[in-house]
Amino acid sequence: MLWNTLLLALRSIRRNLMRSFLTVLGIVIGVAAVITMVTLGKGATRSVTEQIASMGSNLVIVMPGQRFGPGAVPGAPFKNADAEAVRSQIAGARLVAPIVTQGATAVYQANNWSTVVTGSSDDYFEVGNWEIAAGRGFTEAEERAGKAVCVIGETVREKLFGRLHNPVGSEIRIRQFACEVIGLLKAKGQSSMGADQDDIVVMPLRTVQRRMSGSQDVSRLSISVKDSASIDAVKVQLAELLRERRKLDENEDDDFRVMDTRQIAETLTATTRILTMLLGAVAAVSLLVGGIGIMNIMLVSVTERTREIGIRLAIGALEREVLLQFLIEAVVLSSLGGLVGIALATAASIGLSSLMSLPYLFDPGINLLSFLFSAAIGVVFGYFPARRAAGLNPIDALRHE
Amino acid sequence: MSQAAALIQFSGITKTYGRGQAAFQALKGIDLTVQAGDFVAVMGPSGSGKSTAMNILGCLDTPSGGSYLFEGVRVETLSRNDRALLRRHYLGFVFQGFNLLARTTALENVELPLIYRGEPRAARHAAARAALAQVGLAGWEHHTPAELSGGQQQRVAIARAIVTRPHVLLADEPTGNLDTRTSEEIMDLIVSLNRDQGITVLMVTHEPDMAAFARRVVRFVDGRVESDASNGEAG
Ligand SMILES: Nc1ncnc2c1ncn2[C@@H]1O[C@H](COP(=O)(O)OP(=O)(O)OP(=O)(O)O)[C@@H](O)[C@H]1O
Ligand SMILES: [Mg+2]
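Numbers given to residues run from 1 along each chain, matching the order in which its sequence is written. Chains and ligands are labelled sequentially in the order written, the chains with letters from A and the ligands with numbers from 1. Where totals are concerned, whole chains, interfaces and linings use all residues; where local detail is concerned, this predicted model gives features only for residues with pLDDT of at least 70, and gives and counts side-chain atom pairs only at 80 or more. Side-chain measures were taken over the full set of non-hydrogen atoms in the model, leaving aside hydrogen atoms and water.

S.K.: Any chance you could explain the interface of chain A and chain B here in plain terms?
M.R.: When the parts come together, some accessible area is lost, and that loss is often what is quoted as the size of the interface. Facing 30 residues of chain A, the contacting portion of chain B comprises 29 residues. Here the buried area means the combined drop in accessible surface, using a 1.4 Å probe, for two parts upon being joined, counting both sides. Surface buried jointly by chain A and chain B totals about 2,600 Å² across both partners, of which 48% is contributed by carbon and sulfur atoms. By definition here, a salt bridge exists when the distance from a side-chain nitrogen of Lys or Arg to a carboxyl oxygen of Asp or Glu is within 4 Å. Our count for the contact surface shared by chain A and chain B stands at 6 salt bridges. For R103 of chain B, the salt bridge is made with E304 of chain A, and the minimal N-O distance between the two is 2.8 Å. Among the elements of the structure, helix 1 (2–15), helix 10 (302–314), helix 11 (319–355) and helix 13 (394–399) of chain A are those that each provide at least two residues to the side of chain A that touches chain B. The helix and strand labels rest on DSSP assignments: H or I over at least four residues marks a helix, E over at least two residues marks a strand, and numbering proceeds from the N terminus. The element contributing the most residues to the side of chain A that touches chain B is helix 10 of chain A, with 7 residues. A breakdown of the residues in the side of chain A that touches chain B according to their chemical character gives 13 nonpolar, 6 polar and 11 charged. Whether two residues are in contact is decided by their heavy atoms, any of which lying within 4.5 Å being enough. Each residue is assigned to one of three groups, with Ala, Val, Leu, Ile, Met, Phe, Trp, Tyr, Cys and Pro labelled nonpolar, Asp, Glu, Lys and Arg labelled charged, and all others, Gly among them, labelled polar.

S.K.: Got a minute to help me understand helix 10 of chain A in this structure?
M.R.: Along an α-helix, residues three or four apart share an orientation, since each turn contains 3.6 residues. Residue and element names in this part refer to chain A. Between its first and last C-alpha atoms helix 10 spans 18 Å; for 13 residues at 1.5 Å apiece the expected length is 18 Å, and the two agree. Relative accessibility decides the category of a residue: with a 1.4 Å probe and only protein chains considered, values under 20% of the type maximum give buried, values over 50% give exposed, and everything between is partly exposed. Of all 13 residues in helix 10, 10 are buried, a share of seventy percent or more. Regarding helix 10, the residues found buried are V302, R305, T306, E308, I309, G310, I311, R312, L313 and A314. G316 sits one or two residues past helix 10 and shows a positive phi near 110 degrees. A helix is expected to reach a length of 1.5 Å times the quantity of its residues less one.

S.K.: Which parts of the structure should I look at to understand the confidence of the model for chain B?
M.R.: Note that predicted coordinates carrying low pLDDT should not be read in detail. Per-chain confidence: chain B averages 92 in pLDDT, with 96% of residues scoring 70 or above. Interface confidence for the predicted complex, given as ipTM, is 0.94, next to a pTM of 0.72. pLDDT is defined as a per-residue confidence score from the predictor, taking values between 0 and 100.

S.K.: Just to check I follow, could you spell out empty space enclosed by the protein for this structure?
M.R.: Rolling a probe over the atoms, with the probe sized like a water molecule, indicates the empty space that remains. Within this scheme a cavity is a closed region of a 1 Å grid, computed over the protein atoms alone, that accommodates a 1.4 Å probe without allowing it to escape, whereas a pocket is open but has protein on both sides within 12 Å along at least five of seven lines; lining residues each have an atom within 4 Å of a point. Grid points are joined across faces, edges and corners, and a volume is the space filled by probe spheres set on the points. Applying the stated rule across the entire model yields 6 cavities of 30 Å³ or more. Computed from the structure, the largest cavity encloses a volume of approximately 100 Å³. Taken together, A314 and I315 of chain A together with R87, R88, L91, G92, F93, F95, P113, R160, A161 and T164 of chain B make up the full set of residues lining the largest cavity. When contributions to the lining of the largest cavity are tallied by element, the ones reaching two or more residues are helix 2 (80–90), strand 6 (91–94) and helix 5 (150–162) of chain B. In terms of residue count, the dominant contributor to the lining of the largest cavity is strand 6 of chain B (3 residues). Here the lining of the largest cavity is composed, by residue class, of 7 nonpolar, 2 polar and 3 charged. One number sums up the size of the second largest cavity: a volume of about 70 Å³. L8, R11, S12, R15 and R312 of chain A together with L101, T104, E108 and L112 of chain B together form the lining of the second largest cavity. Breaking the lining of the second largest cavity down by element, the ones donating at least two residues are helix 1 of chain A together with helix 3 (106–116) of chain B. Among the elements that line the lining of the second largest cavity, the one with the most residues is helix 1 of chain A, at 4 residues. Counted by class, the lining of the second largest cavity contains 3 nonpolar, 2 polar and 4 charged residues.

Shown next, in the form of structure tokens:
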């Protein structure tokens, strides 16, 4: 019975090709939209969480200048002494990394690579959530003496040494001086803005100031706050201290900015949340449209189907055979739609993720859920009208108008 | 002929449509006995209950009262499923409006009852082709109803009704939608089915010309049998 009924169901699908196609299409669109949206939403969330994690927590960044609005205040750079003052006077500051950056070309043998050299202290690695994959960070002696040592990022390693070579102990040339590679940073990958975080060379602050920038300027301070201290309190203290050191009058605005990662994280998380909700709403609408489309097709064909069921009953089909046929038909169509939808969604998610530089995360849960949902839609709209008709007297089904 | 041998026996069959104020009694107590091998024409004015009676005979509908014996089986005691099986194994129905599956080839339409009977594919195809050949449609197996004339569609419907070798062929105005020439071809076919294969035929018709093919004419008036006579005596 099952085999014959399957045959009848397949014949019916073939016979009503347009109806079958539209049913499948409705499900494909709904399923593909839901899976793609949810996958992209998850990718965006992951990307934001990763970025926040890679910035390190409890981080406060102080930069000279106020960049709000048209009357942007440039603000003088900080000095080494500012970093010392913060270190000694702000009780809530755990680590302080003064940072200065310089563009430069790094050369090793025949290879050269244009990168950014960051001058800072050994604390830089911990504050910035960097792990040292090989070698070591700076010693206090190296920092004090401004020795020509450096720790390089994965991209710089790859460009200068190739994939397999261990760079620790080698010498590279930066501008006119030779610099010993003492450490290699563990790769972080792209930031969510698309910048390559691993394109980096780190040296002691004094080395960069003496040999490259030629001044005592510090372009920003990265400060990690003690767990026990309040970030807001530290920010207020920082602002007071810096205003005092920069001799700002009471009626003058700050000529520097104090930001914390929590602020950045909150903004980013809120944005992704809104984005994910928006995507979800769009997906829900498309699912609804798909469902209404299927319902429409099925309702339009109810008269024809009822008469067809009447014919089948009249020539001796059992009610359960008719129902099984329609059930198989509905399940085959909606499963087909579900599978095509999943395939389409996978392709679209991978494509869109790479386009938006988001990580692609296959989510079996949403795939399964959409598949089951599509099967349910097919069964509800395909099977239930049939069930009513199959319960009629054959003659009433035949007479249906 | 003994009563026990009767193929079909209607006793006091009534049928009421609707309920309460709107109730309408379409059959007011029909007594009718049909022996195996007979060819009965059912005539009568429009609305006299001919179709209603045929649908009950064909187990497509249930009576409101009375008793229906089919080969000695009390049909009104059967379950829905058993009535379906009765239709499947013993009855063939031909409708005025053909009632073929649309966009389905003649062959597939004709083999449909055999699929429900669970016949294997090869036997099914052979039987369906033979039935189509019998109604003069050899070579038309792969045409869909839309590609066939009215007369050809009715032949497909007859082939579908007889492919299972039913005991009874019930035809409700089988030529009602066809012109005279085509009608006579269909009648010749039905007559030969009755004469050569011994299929019992009950046929509703409005046309005395068509009723003339039958051996017996039952006349309905207002939900009752008004007259029941062998052809010739009917006048
Ligand atoms: N489904 C129904 N619901 C209500 N009344 C019905 C129904 N079917 C038939 N009737 C009524 O029952 C009566 C008998 O109908 P039936 O179709 O049996 O007549 P008939 O003799 O076949 O007529 P015709 O020659 O026009 O086909 C009619 O008055 C009709 O209006
Ligand atoms: Mg009628």
